[in-house]
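# Chains, contacts and geometry: an overview
Each chain, written out:
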Amino acid sequence: MDTGEATAAPECAAALDALLRREPEYLPAVLLLRALFLAQLAGTTTLRFHLPCNEYQVSSLPQKPQLVVHRTLGPKVEELVRRLVCARHHSIEEGNTLAERLAREAAAGTHAQFFVGLWAYYVRQDSLQAPRILRALSEAGHAGAMYTLGVLYMRGSCGIPGDKKEGLELMCRAEKAGHIGAANSLAVFYENGKGEEQDLMRAVVLYSRAAAGGHAGATYNLALCFLNGRGVPQDQQRAVALLDRAADAGDADALRGLALCFRDGVGVAVPDLAAAAVLLARAGERGSTDALNDLAEMYLHGHGVEEDHAKAAALFRRAADAGHATALFNLALCVKRGWGVEKDVRQAVALYRLALDLF
């Protein structure tokens, strides 16, 4: 990700602070920043979480923090967050202080209170404040609070006992109030449910509703239903159209899925390996380690791209560093054979052992 020259942390913090004073709905950007600090502190390679009608993925790689926004909050705030993330002198403590202060300043109003509740849940894991705020807002009819509270009941987290029935009821209320995230989550539940809980046709209806509202993840899930004939008659061409739509919204899984369709000639007139490689590269930049591994295999064998063992090994390493077992196995093979890297049988054996631990 090209971030440009890192800007000094105080300047970035002041700019973000000023923006949030004018437009407090950008508070989720601060949560993103805080989440990245947590990921770096814990040594986590990837942290995924949800905010209302948005999905984010934060990746923390050695010396190269990367922010992937699946549904953008707007170019101004995205650029500010990128600059904040890349400001090397911005300490974890400074990030915590900034997030907490901005959350307090946004405490007036229902919408802002909801973000404070999310902040209490996602950042502080506060089992007292978060449920209290979310329950109050849920009773007042706030769809986002209903959905988040439903998730807590389904998971049995943040001091709330697990209760699938209560969680589903809250999610259904949120979906009826127009929350597309709730529609997608319910669809996932009904698609993957066991026994009487599985209802593929209902899942498709909910995916369609969320997709119509602009939920990229739901659009991708709906595409898979058409691709595999789950709950609907199989229609590969429609699946490709839906994948294309979700890919345009920046969904990494959709970018990879569309790439595989072009690679394998599924739902398209003829295979197009060059297009597949471009899409896999985009998906890899969006954080898909599966896409990095797929692209590396194309460079390894010269499929759709010029054969380049060094580039293949580098891509396998990127995916392996993020915990991708197959990529680590492939990297071990490159090291064993000397493909794009120095041949080292002992190192290859060590990599194979690490890969086996991940499978």
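Please refer to the structure higher up on the page.
What comes next concerns the included structure. The structure displayed is predicted, hence computed values, not measured ones. (Residues numbered from 1 in each chain as written. Predicted model: local features only at pLDDT ≥ 70, side-chain atom pairs only at ≥ 80, totals over all residues. Heavy atoms only, no water.)

### Brief notes about the side chain of His 179
We count it as follows: By definition, any uninterrupted DSSP run of H or I lasting at least four residues is a helix, any uninterrupted run of E lasting at least two residues is a strand, and each is numbered from the N terminus. Within 3.5 Å is the distance limit for a polar contact, defined as a pair of N or O atoms, with the added protein rule that one can donate a hydrogen and the other accept it, and that residues adjacent in sequence qualify only through two side-chain atoms.
Counting through the fold element by element, His 179 comes out in the loop between helix H8 (164-176) and helix H9 (180-192). At 3.2 Å, the side chain of His 179 and the backbone nitrogen of Gly 181 are in polar contact.

### Structural notes on helix H6 (residues 129-139)
As a reminder, the rule being used: Accessibility here uses a 1.4 Å probe with only protein chains present; expressed as a share of the type maximum, an area under 20% marks a residue as buried, one over 50% as exposed, and anything in between as partly exposed.
Listed in full, the buried residues belonging to H6 are Gln 129, Ala 130, Pro 131, Ile 133, Leu 134, Leu 137 and Ser 138. Immediately beyond the C-terminal end of H6, within one or two residues, lies Gly 141, with a positive phi of roughly 95 degrees.

### Observations concerning the pattern of salt bridges
Two side chains that carry opposite charge are able to pair once their charged atoms sit near each other. How we decide: Salt bridge, as used here: a side-chain nitrogen of Lys or Arg that lies within 4 Å of a carboxyl oxygen of Asp or Glu.
Considering all chains together, one arrives at six salt bridges under this definition. Of the charged contacts, one joins Glu 191 and Arg 230 as a salt bridge, the two residues approaching to 3.0 Å between their closest N and O atoms. Residue Glu 191 is located in helix H9, and its partner Arg 230 is located in the loop between helix H11 (216-228) and helix H12 (236-248); the two are separated by 39 residues in the primary sequence. Taking relative accessible area as the criterion, Glu 191 reaches 12% and is therefore assigned buried. Across the salt bridge formed by Glu 285 and Arg 318, the nearest N and O atoms sit 3.6 Å from each other. Linking Glu 285 in helix H14 (residues 273-285) with Arg 318 in helix H16 (residues 309-321), this pair joins segments that are 33 residues apart in sequence.

### Some points on the nonpolar core
Put simply, the rule is: We call a set of buried Ala, Val, Leu, Ile, Met, Phe, Trp, Tyr and Cys residues a nonpolar core when their side-chain atoms join them within 4.5 Å. Any pair of residues with heavy atoms lying within 4.5 Å of one another is described as a contacting pair.
If you look at the biggest cluster of nonpolar residues, it comprises 68 residues, and the most contacted ones within it are Tyr 207, Leu 222, Leu 243, Phe 316 and Leu 331. For Leu 331, the residues in contact, after removing those within four places along its chain, are Ala 313, Phe 316, Arg 317, Ala 320 and Leu 351. Membership of the second largest hydrophobic core comes to eleven residues, among which are Leu 137, Cys 158, Ile 160 and Leu 170.

### Let's talk about the environment of Ser 138
Topologically, Ser 138 is positioned in helix H6. The spacing of Ser 138 and Arg 173 is 35 residues in sequence and 9.5 Å in space, taken between C-alpha atoms. If we ignore the near neighbours within four places in the chain, the residues touching Ser 138 are Ala 145, Met 146, Leu 149, Leu 170 and Arg 173.

Honestly, that's just the spatial picture; any functional story needs more than this.
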